Amino acid sequence: MIDPAGVTGTATQPPPGRSAGRPRPAQPWWFLAPAFAVLIVFFLVPTLYNLIYAFTDWSSFKTAINPVGLDNFRALLGNGVLLTDLRTTVIYAALVALFQNLFGLVLALLLEADTRLNRFARVMFFIPVVMSALAVGYIFQALLKPSGALNSVLGWVVGHEVQHAWLADSWTLLYVALIHSWKWMGLAMLIYLAGLKTISVDVLEAARIDGAGAWQTFRRVRFPLLAPAVTFNVATALLGSMNSFDIVQATTGGGPAQSTEILNIFIYRTFGQGLFAQATTMSLVLLLVIALMAFPTIWLLRRREQAL
Amino acid sequence: MSTSITWRVVRPGIVVALLLGLLGVPLWLVFITSAKSRGDALSPSLALPRDGWHLAANYSEVFTEGRVWKAFFGSLSIVLPSTVLLLLLGAMAGWVLARRSGLVIAVLYAIGISGIVLPPAVITLVLLLRQLSIDGTLTGMVLVYTGIYMSTSIFFITGFIRTIPAELEEAARVDGAGPVRIFVTIILPLLRPVLATATILICLYIWNDVFYAFFVIGGRKDTLPLNLFQVASAGLYLNNWHLIFAYVVLMSLPLLVVFAVAQRRIISGITGGAVK
């Protein structure tokens, strides 16, 4: 299909009846070739490799690579890592999708009016989006340490010393998801602001004349009209958090007791240990989960868009 | 929306409180810790330095220890070629995918944007790079990023080209201009808004990425995020917060400067490209 020779061969002969002023089609097929070459070699081929090497004993300890069938899956299911990490990843993604959108929407509604302060605030809330996620992780690790800044602020508020280890309790996964949402809420805010701008003044005026209050207008008119922005934001939040690594690595490294170990942390850890086949197996699991979760979600959100 | 007086007074108050609490506190923590001595920074607090300001000492130490210049140029020599490749190849493919139609094009488009949803297979990617003997090289890293974000580029550019009418190209074609000429003189200039959006997103992803860099060039080449990780992991038991945050300031500066200069265009670029 992308064979340039074959295409130009047919294209030099204009079909009879067409004007002679059109010697070639405007967009030659070979324009696709470079992009697809990179995409195939550096994206699709590794994905296909994934399907093969997940069923071998590839590791840094042996020179030969032998097929082992489902042994990797059996091992990861047997020690419970697969299901635990999978569960952690899915919960993390759901929490991020929820909070990133909630924060973004609240900020957008709060900063909607075009005042000086609001314009300044919009730019400021975008700063975390620009920063490196690893840096964001370290900042919050420092803030949430037992001797960190949050506890000293809390101690000042309640009047006695607070020494809570936020990144080592049973709610740590939630806090890390909140940090992830903090980093990306500026992007969600921008998308919602753009969505709010597209709502015509007439619609809002009609709602006002019908006697709708601010909340009712939001609930029945503005939020439904934000559907495309919701689709974009939920989809990007889900995909971004399923592929997350930096923030979790920099805050908890997967702890405490692997309770925040999302799949990419496992992949990084086992790769470092030389257990390439196990890392590959988990990479394949991640691929399947994302495909299974993302496609229906996007489809559902799109359908909701059309229904409204 | 609300016109009540109290809300009009309360709203700016809430905005200022959120700015201070959600942004002021973390950013202040970064700056003030980067100015403290090692002992003072062990438990990072919002307080002013107790034993004097150590800005110069910390920043110069981290400059050498974190090899900031090498890392900066390492990051730059990855981001620039990747972005150029992604925009150029993405625009070429996007033009064909947007203008032609039919089943073959539909299938190619689906394959072309599959990378938006599907995660890259990092482990086998490393294996492939070894087979091509480009693992640990900047070339390998550039090609990996180009592969990973090609779908994003194709998606944005194809979507944009579909919204622009084809008359200009038609006219040029009738005048006898070849496809390369049409692409360079007509299509590329028209794509400026979407290329701006794609550039911003791609630069943000690649400049800040550390996960793929770990696998492909970790330990062999310097980039800003890789060296931040190295600085942060250097103090095994006690974190060198003063150095970590000095490094965070240094590595954030280039992007923040670009952002400060072009914030209006960046913000309108992102919203313009994302919500159609």
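Residues numbered from 1 in each chain as written. Chains lettered and ligands numbered in written order. Predicted model: local features only at pLDDT ≥ 70, side-chain atom pairs only at ≥ 80, totals over all residues. Heavy atoms only, no water.

Engineer: I'd like to hear about the overall build of chain B, residue by residue, with values.
Structural biologist: Along the backbone of chain B there are 13 helices and 0 strands. Along chain B, helices (α) and strands (β) appear in the sequence α-α-α-α-α-α-α-α-α-α-α-α-α when read from the amino end. The buried share of chain B, reckoned over its 276 residues, is 53%. Within chain B, contacts between residues separated by at least 24 positions form 72% of all contacts whose residues are at least 6 apart in sequence. For chain B, the computed accessible surface area is about 11,800 Å², with 69% contributed by carbon and sulfur atoms. (Helix = DSSP H or I, 4+ residues; strand = E, 2+ residues; numbered from the N terminus. Buried < 20%, exposed > 50% of the residue type's maximum accessible area, 1.4 Å probe, protein only. Contact = heavy atoms within 4.5 Å. Areas by Shrake-Rupley, 256 points an atom, 1.4 Å probe, with all protein chains shown as cover.)

Engineer: So what about the UniProt feature "transmembrane region" (unreviewed entry) in chain A? Which residues, and what values?
Structural biologist: What UniProt calls "transmembrane region" (unreviewed entry) maps, in this numbering, to residues 29-52, 90-111, 123-144, 173-194, 223-242 and 275-301 of chain A. Annotated as residues 173-194 of chain A, this span is 100% helix and 0% strand, and its ends, taken at the C-alpha atoms, are 31 Å apart. (UniProt positions renumbered as here; feature names shortened; annotations may be inferred.)

Engineer: Can you tell me about the pattern of salt bridges, naming the residues and giving the values?
Structural biologist: Residue and element names in this part refer to chain B. A full pass over the atoms with the stated rule returns 14 salt bridges over all chains. Here Arg67 makes a salt bridge to Asp222, at a shortest N to O gap of 2.7 Å. Of this pair, Arg67 sits in the loop between α2 (55-65) and α3 (68-99) while Asp222 sits in the loop between α11 (211-217) and α12 (224-234), and the two are 155 residues apart along the sequence. Among the residues examined, Arg67 registers a relative accessible area of 31% and is labelled partly exposed. Residues Asp222 and Lys70 are paired through a salt bridge, measuring 3.8 Å at the closest nitrogen-oxygen approach. Highlighted residues: Asp222 in the loop between α11 and α12 and Lys70 in helix α3, separated in sequence by 152 residues. The exposure class of Asp222 is buried, given its relative accessible area of 12%. (Salt bridge = Lys/Arg side-chain N within 4 Å of Asp/Glu carboxyl O.)

Engineer: Give me the lowdown on the environment of B:Val261, citing residues and values where you can.
Structural biologist: Residue and element names in this part refer to chain B. Along the polypeptide, Val261 turns up in helix α13 (residues 241-274). The class for Val261 is exposed, based on a relative accessible area of 70%. Considering only alpha carbons, one finds Val261 and Ala41, 220 residues apart in sequence, at a separation of 32 Å.

Engineer: Describe the layout of surface pockets, with residues and values.
Structural biologist: Approximately 560 Å³ is the volume attributed to the second largest pocket. Around the second largest pocket sit 23 residues that line it, and A:Phe140, A:Leu150, A:Trp182, B:Gly21 and B:Leu22 are the ones nearest its centre. Among the elements of the structure, α4 (81-110), α7 (133-144), α8 (149-158) and α9 (172-197) of chain A together with α1 (5-33) of chain B are those that each provide at least two residues to the lining of the second largest pocket. When the residues that make up the lining of the second largest pocket are grouped by side-chain class, the tally is 22 nonpolar, 1 polar and no charged. (1 Å grid on protein atoms, 1.4 Å probe; cavity = no way out; pocket = protein on both sides within 12 Å on 5 of 7 lines; lining within 4 Å. Points joined across faces, edges and corners; volume = space filled by probe spheres on them. Nonpolar A, V, L, I, M, F, W, Y, C, P; charged D, E, K, R; others polar.)

Engineer: Go over α9(A), please, and point to the residues and values.
Structural biologist: A rise of 1.5 Å per residue sets the reference length of α9(A), with its 26 residues, at 38 Å; its end C-alpha atoms lie 37 Å apart and thus fit the reference within 8%. Of all 26 residues in α9(A), 23 are buried; the element is thus mostly enclosed. (Expected span 1.5 Å × (residues − 1).)

Engineer: So what about the interface of chain A and chain B? Which residues, and what values?
Structural biologist: On the chain B side, the residues contacting the 89 residues of chain A number 95 residues. If you sort the residues of chain A by the area they bury against chain B, A:Gln27, A:Phe31 and A:Phe42 come out on top, with a joint share of 9%. Summed over the shared surface of chain A and chain B, the number is 0 salt bridges. Of the residues assigned to the side of chain A that touches chain B, the class counts are 69 nonpolar, 14 polar and 6 charged. (Buried area = accessible area lost by both parts, 1.4 Å probe.)

Engineer: Tell me about the packing of helix α2 (residues 33-53) of chain A against helix α7 (residues 138-163) of chain B, and name the residues and values.
Structural biologist: Contact geometry for α2(A) and α7(B): axes closest at 8 Å, N-to-C directions at 110°. Between α2(A) and α7(B), the crossing angle belongs to the class labelled roughly perpendicular. From α2(A), A:Ala35, A:Val38, A:Leu39, A:Phe42 and A:Phe43 reach across to α7(B), where they touch B:Leu143, B:Thr146, B:Gly147, B:Ile148, B:Met150 and B:Ser151. Here the contact of α2(A) with α7(B) is composed, by residue class, of 8 nonpolar, 3 polar and no charged. (Axes fitted to C-alpha atoms, helices over the stretch in contact; angles between N-to-C directions. Parallel < 35°, antiparallel > 145°, perpendicular 65-115°, else oblique.)

Engineer: Quick rundown of the side chain of A:Arg222? Include the residues and the values.
Structural biologist: Residues and elements named next belong to chain A. Tracing the backbone through its elements, the reader meets Arg222 in helix α11 (residues 214-225). For Arg222, a relative accessible area of 5% corresponds to the buried category. One polar contact links Arg222 to Glu112, side chain to side chain, over a distance of 2.8 Å. (Polar contact = N/O pair within 3.5 Å; in protein donor to acceptor, adjacent residues only side chain to side chain.)

Engineer: Provide a residue-level description of the nonpolar core, including the pertinent values.
Structural biologist: Counting 193 residues, the largest nonpolar core has A:Tyr138 and B:Phe245 as its most contacted members. Considering every element that reaches this core, the biggest residue donor is α9(A), with 16 residues. In this structure A:Tyr138 touches A:Ala250, B:Leu228, B:Phe229, B:Ala232, B:Trp241, B:Ile244 and B:Phe245, once residues within four positions along its chain are discounted. (Core = buried A, V, L, I, M, F, W, Y, C linked by side-chain atoms within 4.5 Å.)

Engineer: I'd like a rundown of the side chain of A:Thr172, residues and numbers included.
Structural biologist: All names here are of chain A. In this structure, Thr172 sits in helix α9. Its relative accessible area of 0% is what places Thr172 among the buried residues. The contacts of Thr172, once residues within four sequence positions are left out, are Trp166, Leu167, Thr252, Gly255, Pro256 and Thr260.

Engineer: An account of the packing of α2(A) against helix α15 (residues 276-307) of chain A is requested, with residue identities and associated values reported.
Structural biologist: Residue and element names in this part refer to chain A. Contact pair α2 / α15: the axes reach a minimum separation of 9 Å and the direction vectors enclose 120°. Classified by the interaxial angle, the pair formed by α2 and α15 is oblique. α15 is crossed by α2, and the crossing has left-handed handedness. Taking contact as the criterion, the partners of Thr47, Asn50, Leu51 and Tyr53 in α2 are, on α15, Ala277, Thr280, Ser283, Leu284 and Leu287. Broken down by class, the residue content of the contact of α2 with α15 amounts to 5 nonpolar, 4 polar and no charged. (Left-handed = near helix turned anticlockwise from the far one by under 90°.)

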